[in-house]
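# Tertiary structure, described
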Amino acid sequence: MTEINDLISKIVNNVQEEQANSSSNTTASSQSTTATAGKTMTAADYPFFQKHPDLVNAPTGKNVKEVTLEAAINGQVKPEDLRISPATLKAQGQIAASAGRPSIQSNFDRAAELTKIPDERILEMYGSLRPYRSSEQELLDMADELENKYGAKICANFVREAATEYKKRKKLKGDN
């Protein structure tokens, strides 16, 4: 519980510092946030958290402004309220792409897919992707699960690629 309290305290301190730093631009920030809601983000929207805090929400819908130490103490902040949402990751990816960083955008897109998968399953998949841990069929089944159950097409394609490469390089279960 102490680790969670420390984390919440750090987040609150960062939020308060960012709000203090941007308080002189409150009107401009509010107008900018309203204007960009629903449109593609660009490099001008960086840093996303400072310029558009109203758009930074947890998957639960809780806005970052609602995550305060007082709210945490009162039980109004749950661990899932501290997670990043797929929409926030996608927006950051759009900013990266606009700045000429398409590889970073693809990393954000992949991360957005992973937010839909339970932590326990992610850890299981990670272990299964290590060399000699899975058969080709097990990896292909994992890819199908990623794509069909979680809608994680990018991640599914990476796992299919891993299955192909592991087969070529003799890194499948039983090859060692």
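Anything mentioned here points back to the structure above.
So, here is what we can say about the structure in this document. Treat the numbers as computed from the prediction; the structure is a model and nothing was measured. (Residues numbered from 1 in each chain as written. Predicted model: local features only at pLDDT ≥ 70, side-chain atom pairs only at ≥ 80, totals over all residues. Heavy atoms only, no water.)

## A closer look at helix 5 (residues 86–98)
Its 13 residues place the ends of helix 5 18 Å apart at the C-alpha level, agreeing with the 18 Å of an ideal helix rising 1.5 Å per residue. Of all the positions in helix 5, only T88, L89, A91, G93, I95 and A96 are classed as buried. Buried residues in helix 5 make contact with helix 3 (48–51) and helix 6 (102–114). Immediately downstream of helix 5, the backbone of G100 shows phi near 80°, a positive value. (Helix = DSSP H or I, 4+ residues; strand = E, 2+ residues; numbered from the N terminus. Expected span 1.5 Å × (residues − 1). Buried < 20%, exposed > 50% of the residue type's maximum accessible area, 1.4 Å probe, protein only. Contact = heavy atoms within 4.5 Å.)

## Regarding the packing of helix 7 (residues 119–128) against helix 8 (residues 136–150)
The geometry of helix 7 relative to helix 8 is characterised by a closest axis approach of 11 Å and an angle of 150° between their N-to-C directions. For the element pair helix 7 / helix 8, the angle class is roughly antiparallel. Here helix 7 and helix 8 pass one another in a crossing that is left-handed. Across the interface between the two elements, R121, M125 and S128 of helix 7 pack against L139, M142, E145, L146 and Y150 of helix 8. Looking at side-chain class alone, the contact of helix 7 with helix 8 contains five nonpolar, one polar and two charged residues. (Axes fitted to C-alpha atoms, helices over the stretch in contact; angles between N-to-C directions. Parallel < 35°, antiparallel > 145°, perpendicular 65-115°, else oblique. Left-handed = near helix turned anticlockwise from the far one by under 90°. Nonpolar A, V, L, I, M, F, W, Y, C, P; charged D, E, K, R; others polar.)

## Regarding the side chain of D45
Examined against the element boundaries, D45 turns out to sit in the loop between helix 2 (26–36) and helix 3. The exposure class assigned to D45 is buried, which follows from its relative accessible area of 6%. Here H52 takes part through its side chain, which lies 2.7 Å from a polar atom of the side chain of D45. (Polar contact = N/O pair within 3.5 Å; in protein donor to acceptor, adjacent residues only side chain to side chain.)

## So, unusual backbone geometry
Where the residue is not glycine, phi is negative for most of them; where a peptide bond is considered, it is trans in most cases. Of the consecutive residues Y46 and P47, the connecting peptide bond is found in the cis state with omega at -5°. Here P47 lies in the loop between helix 2 and helix 3. Backbone geometry at Y132 places phi at a positive 70°, although glycine is not the residue there. Within the secondary structure, Y132 is located in the loop between helix 7 and helix 8. Take Y132: its relative accessible area is 30%, and that puts it in the partly exposed class. The backbone of K170 shows a phi angle near 60°, a positive value even though the residue is not glycine. Mapped onto the elements, K170 comes out in the segment after helix 9 (153–168).

## Concerning the packing of helix 6 against helix 9
When two helices pack together, you describe them by how their axes are tilted relative to each other and by the distance separating the axes. It is the contact of helix 6 with helix 9, at a shortest axis distance of 8 Å, that shows an interaxial angle of 100°. When the axis of helix 6 is compared with that of helix 9, the two are roughly perpendicular. Every residue of helix 9 that contacts helix 6 at D109, R110, E113 and L114 is listed here: K153, I154, C155 and F158. Across the contact of helix 6 with helix 9, the residue classes tally to four nonpolar, no polar and four charged.

## Observations concerning the pattern of salt bridges
Counted under the stated rule, the structure contains eleven salt bridges. K65 is the partner of D54 in a salt bridge, and the nearest nitrogen-oxygen pair spans 2.7 Å. Taken together, the positions of D54 in the loop between helix 3 and helix 4 (69–73) and K65 in the loop between helix 3 and helix 4 put the pair eleven residues apart, joining distant regions of the chain. Residue classification places D54 among the partly exposed residues on the basis of a relative accessible area of 35%. Judged by its relative accessible area of 40%, K65 falls in the partly exposed class. Between K168 and E165 there is a salt bridge whose closest N-O contact spans 3.2 Å. Residue K168 and its partner E165 are both found in helix 9; the two are separated by three residues, about one turn of the helix. The class for K168 is exposed, based on a relative accessible area of 60%. Salt bridges here are not isolated pairs; linked through shared partners, they connect R121, E124 and E145. (Salt bridge = Lys/Arg side-chain N within 4 Å of Asp/Glu carboxyl O.)

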